[in-house]
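# Survey of secondary and tertiary structure
Listed below are the residues making up each chain.
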Amino acid sequence: MDTLSNKLKTEIELIKDNGLYKNERIINSKQDAEISVDNKLVLNFCANNYLGLSSSNDLIIAAKNGLDNWGLGLSSVRFICGTQAIHKKLEMQLSKFLNMDDTILYSSCFDANGGLFETLLDSNDVIISDALNHASIIDGVRLCKAQRKRYAHSNMKELELILKDTQSYNNRLITTDGVFSMDGDVAKLQHICNLAEQYKAIVHVDDSHATGFFGPTGRGSVDYCNVMDQIDIITSTLGKAMGGASGGFTSSSKNIIDILRQRSRPYLFSNSLAPAIVNASIKVLYLLNENNDLLHTLNENTAYFRSEITRIGYKIKDGVHPIIPIMLGDAKLAQNIAQDMLKENIYVIGFSYPVVPKGEARIRVQISAAHSRNDIDKAINAFHKIGLKYKVI
Ligand SMILES: Cc1ncc(COP(=O)(O)O)c(C=O)c1O
């Protein structure tokens, strides 16, 4: 034990020396546009709370009904005695929302991706993955015996070359995030689907940063790129826009979901999703089907922030997504600005190498439908003041 402890201590010191130690800031309120941090109220611009539903009264009531009527949890995996009527209802409604045959719930999207590839593919198959895919895709792919190929981020020429080179394999699966979380850029799904059709490959999209709010009807990047009927497998999370609690799912054809229920290890060997979350998620879908109000507010807020931050002189990554990277270049500068913004009661986070490429340090702002125009103006005013202080605008 001493040997291990000493090794870990050295490793932690190294992490600290490299400025990479992650301190967790304690929040003393619900997740919302305004939160309590370090005993003061700050405007939150770094949550994945895109639709502002994390503390929605409607959802809290639905979750309480879930508790009252279906209990705390199942104390069981799904196939023993862990499937309630509400689990089937949520799966059915997610399938309908995404226009897929069927859906299987997991405790998280990390688990959905972890249990996807090894269940479907074997050593006669190949997985072709975008270089910037989420860690859960990378880990899921590692668990699978299929051959692995990687194309440079969104590089369609490289993807095509790999597809050409791998025609002898039984099955080829292209896997990509729908929206990439550090840049807020959207996968080139039209192009990917065309190549997949040409070279007879399967397409998997992880739409965690898009499901529920992105695209004309909020169905995600697959909706934004108008390829809903060409995507074979979608994984996504219930832990961001869709209420923000936790949970994930895979939506696909009947056969794929059937085999995942039989063989996918994070599904077979892990407890069922808690009824409070299931009931709240059903309510999210109900709200999304009712009208597009939240979607419109989010789009308006995003467009307003993007144009205002550019107007005052910051450089951002172009796009339309509520993930807005404000490019600063230098890691220390990004950290200093984020710290000063907190003093102005605006909570944003600086990202630097190795999370993003060297020399591309940034502050990543995330916009929510819960932000008021006034909230966004306050953030812009603070960015203006701090930007002048550091002479970056
Ligand atoms: C693209 C992507 N996939 C998967 C996940 C994991 O989702 P969950 O929190 O449901 O495990 C995330 C969350 O950070 C993500 O951004």
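Everything below is about the structure printed above this text.
This one's a predicted model, so the numbers in the text were calculated from it and none came from an experiment.

Rules used in this analysis
- Residues numbered from 1 in each chain as written.
- Predicted model: local features only at pLDDT ≥ 70, side-chain atom pairs only at ≥ 80, totals over all residues.
- Heavy atoms only, no water.
- Helix = DSSP H or I, 4+ residues; strand = E, 2+ residues; numbered from the N terminus.
- Rg over C-alpha atoms; globule rule 2.2 N^0.38 Å.
- Contact = heavy atoms within 4.5 Å.
- Axes fitted to C-alpha atoms, helices over the stretch in contact; angles between N-to-C directions.
- Parallel < 35°, antiparallel > 145°, perpendicular 65-115°, else oblique.
- Left-handed = near helix turned anticlockwise from the far one by under 90°.
- Nonpolar A, V, L, I, M, F, W, Y, C, P; charged D, E, K, R; others polar.
- Core = buried A, V, L, I, M, F, W, Y, C linked by side-chain atoms within 4.5 Å.
- Buried < 20%, exposed > 50% of the residue type's maximum accessible area, 1.4 Å probe, protein only.
- Near = heavy atom within 4 Å.
- Polar contact = N/O pair within 3.5 Å; in protein donor to acceptor, adjacent residues only side chain to side chain.

## Digging into the overall build of the protein chain
Counting its regular elements, the protein chain contains 16 helices and 13 strands. Radius of gyration (C-alpha) of the protein chain: 22 Å, near the 21 Å computed for a compact globule of 393 residues. The principal-axis extents of the C-alpha atoms in the protein chain amount to approximately 60 × 55 × 55 Å. When contacts within the protein chain are restricted to residue pairs at least 6 apart in sequence, those whose partners lie at least 24 apart make up 69%.

## Digging into the packing of helix H14 (residues 293–311) against helix H16 (residues 373–389)
Close contact between H14 and H16 brings their axes to 10 Å; oriented N to C, the two are set at 20°. If you check the angle between H14 and H16, you find them roughly parallel. Crossing handedness for the pair H14 and H16: right-handed. On H16, the residues that touch Glu300, Asn301, Tyr304, Phe305, Glu308 and Ile309 of H14 are Arg373, Ile376, Asp377, Ala379, Ile380 and Phe383. Its residues assigned to classes, the contact of H14 with H16 comprises 7 nonpolar, 1 polar and 4 charged.

## Description of the nonpolar core
By size, the foremost hydrophobic cluster in this structure holds 85 residues, and its most contacted members are Phe305, Val365 and Phe383. In terms of residues, this core owes the most to one element, helix H13 (residues 275–290), which gives 7 residues. Not counting residues within four places of it along the chain, the set of residues in contact with Phe383 comprises Phe305, Ile309, Ile312, Tyr314, Ile326, Met341, Val348, Ile363, Val365 and Ile393.

## Some remarks on the site of the ligand
Every residue near the ligand is listed here: Ser108, Cys109, Phe110, His134, Ser136, Asp177, Asp206, Ser208, His209, Thr237, Lys240 and Gly247. A distance of 3.0 Å separates an oxygen atom of the ligand from a polar backbone atom of Phe110. For the shell around the ligand, the residue count by class is 2 nonpolar, 7 polar and 3 charged.

This is a description of form; function is not addressed.
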